[in-house]
Amino acid sequence: MHDAPPSMTRLLHPDVAPQPGGAPLVTPIHQTSTYELPRTAEAARIAAAVAPGAYYTRYGSPNAREAEAMLADLDGAEAALLVGSGMAAVSAALLSVVSSGATGGEVLAQTSHYTATLTLLRTMLPGFGVDVRLVPQEALAAEVRPSTRVVYVETPSNPTMTLTDLAAVRAAAPDAVIIADNTFATPYNTRPVDFGVDLVVQSATKYLNGHSDVTAGVVTGSAALVARAWETARVLGPVCHPFEAWLLARGLKTFPLRMARHNASGLAVARFLAGHPAVRAVHHPGLPEHPQHDLAVRQMRGFGGMLAFTVADADAAVRVLRATRLCRNAVSLGGPETLITHPASLVFAHQSPQELAASGVDPAMLRLSVGLEEPEDIIADLAEALSTVD
Ligand SMILES: Cc1ncc(COP(=O)(O)O)c(C=O)c1O
């Protein structure tokens, strides 16, 4: 038996010998909330810096910095900010540029957005006194007014796959801050910065990570605007934790390979559905019959793995949803597994029937995130499910 209890001091400061060998090839997970600072004036400089990577994890981490470097490069942007979810990215970007009152001007946005974004625009921002005007997506550029200070777009939008003409919006609103949610297109298919967009927001939970195992979001743009978004996130605190950032950096290493497959399979599944007698309409920008196909060709280098299709009615949609086996019934998108959802029943809790109609969600619509399985297997599963309503 030991005479003395274990030493807390020795436990907290173990004497570990440096290991011979090189540096790790893969960035280790910096699972720490804080960093030992130099005992010089340098400490104060680190504390005052924008987005220091090794100061305090709410401010950033080496893992977040690594993913941010990859994400800024993918978007062709000066800087990136990684946060804890796509909605944290949307909120940090918007809250960093809006203001209330006579000098605030208006935020112009679409009636069709991801549901939580719609709640932010319809309810929360007006609650803070911010003037928000929502207009049909296709008419956005024509709706810009001299008082428009911020334009918020989502292209293609969730779940209707409607596009916003980024170049037209830039031309119509030369002085506004334009924010684009590029989650569906991803920088593989559209780089909004190339069309003059100021800030790009994305749910990295989706294609960027691509493995259905991380929740994260990213804001990219000029160093000055991303610094403002960082300041907002530093105060509100939606951290992307080191392990999540590490997983995201790992997922990003195969991003272009995955996207090429999503693009090819998305188009193959869209073509199959377009030719099926039980399907009334297919919403996929890669199909020539998509009303904005010409714009899609100008603005997108591939059309992605997201699509929506409508069947006879809501009852038929639910029957198809229940009959699929390979296509799994789960929200989210952009992962390796094909996911199918019935948007009208899922977003109903957050939107009135009128709001649902304005955002283009048809109760007979199903949304599909085409995954990385063999495309013929996805098509066979859908054919089987559609045979129940044919
Ligand atoms: C277009 C779009 N933007 C933002 C989000 C929000 O992302 P997150 O769930 O990572 O907060 C989503 C989520 O589905 C989305 O589809």
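- If you look the protein up in an unreviewed UniProt entry, it shows as homocysteine desulfhydrase from Dactylosporangium aurantiacum.
- Per its UniProt entry, the protein bears the Cofactor (unreviewed entry) comment "pyridoxal 5'-phosphate".

## Quick look at the site of the ligand
So, point 1. Near the ligand there are 13 residues, and of these Gly-86, Met-87, Asp-181, Ser-203 and Thr-205 occur at the shortest range.
So, point 2. Between Asn-158 and the ligand, the recorded distance is 2.9 Å, taken from a side-chain N or O atom to an oxygen atom.
So, point 3. Within the side chain of Lys-206, an N or O atom sits 3.0 Å from an oxygen atom of the ligand.
So, point 4. Alone, the ligand offers 390 Å² of accessible surface; in the complex the protein occludes 90% of this.
So, point 5. Residue composition of the shell around the ligand, by class: four nonpolar, six polar and three charged.

## Regarding the domain arrangement of the protein
So, point 1. Each domain of the protein was delimited in the assignment, giving domain 1 (42-252) and domain 2 (255-386).
So, point 2. Here the C-alpha centre of domain 2 lies 25 Å away from the C-alpha centre of domain 1.
So, point 3. With 37 residues of domain 1 at the interface, the matching set in domain 2 holds 40 residues.
So, point 4. Note on domain 1 versus domain 2: buried area summed over both sides is about 3200 Å², and carbon and sulfur give 59% of it.

## So, the pattern of salt bridges
So, point 1. Taken as a whole and judged by the stated rule, the model has 13 salt bridges.
So, point 2. With its nearest N and O atoms 3.0 Å apart, the salt bridge here joins Asp-198 to Arg-170. Highlighted residues: Asp-198 in the loop between helix H7 (186-189) and strand S6 (199-203) and Arg-170 in helix H6 (residues 166-172), separated in sequence by 28 residues.
So, point 3. Since its relative accessible area comes to 22%, Asp-198 is described here as partly exposed.

Rules used in this analysis
Residues numbered from 1 in each chain as written. Predicted model: local features only at pLDDT ≥ 70, side-chain atom pairs only at ≥ 80, totals over all residues. Heavy atoms only, no water. UniProt positions renumbered as here; feature names shortened; annotations may be inferred. Near = heavy atom within 4 Å. Polar contact = N/O pair within 3.5 Å; in protein donor to acceptor, adjacent residues only side chain to side chain. Areas by Shrake-Rupley, 256 points an atom, 1.4 Å probe, with all protein chains shown as cover. Nonpolar A, V, L, I, M, F, W, Y, C, P; charged D, E, K, R; others polar. Domains from an automatic or database assignment. Contact = heavy atoms within 4.5 Å. Buried area = accessible area lost by both parts, 1.4 Å probe. Salt bridge = Lys/Arg side-chain N within 4 Å of Asp/Glu carboxyl O. Helix = DSSP H or I, 4+ residues; strand = E, 2+ residues; numbered from the N terminus. Buried < 20%, exposed > 50% of the residue type's maximum accessible area, 1.4 Å probe, protein only.

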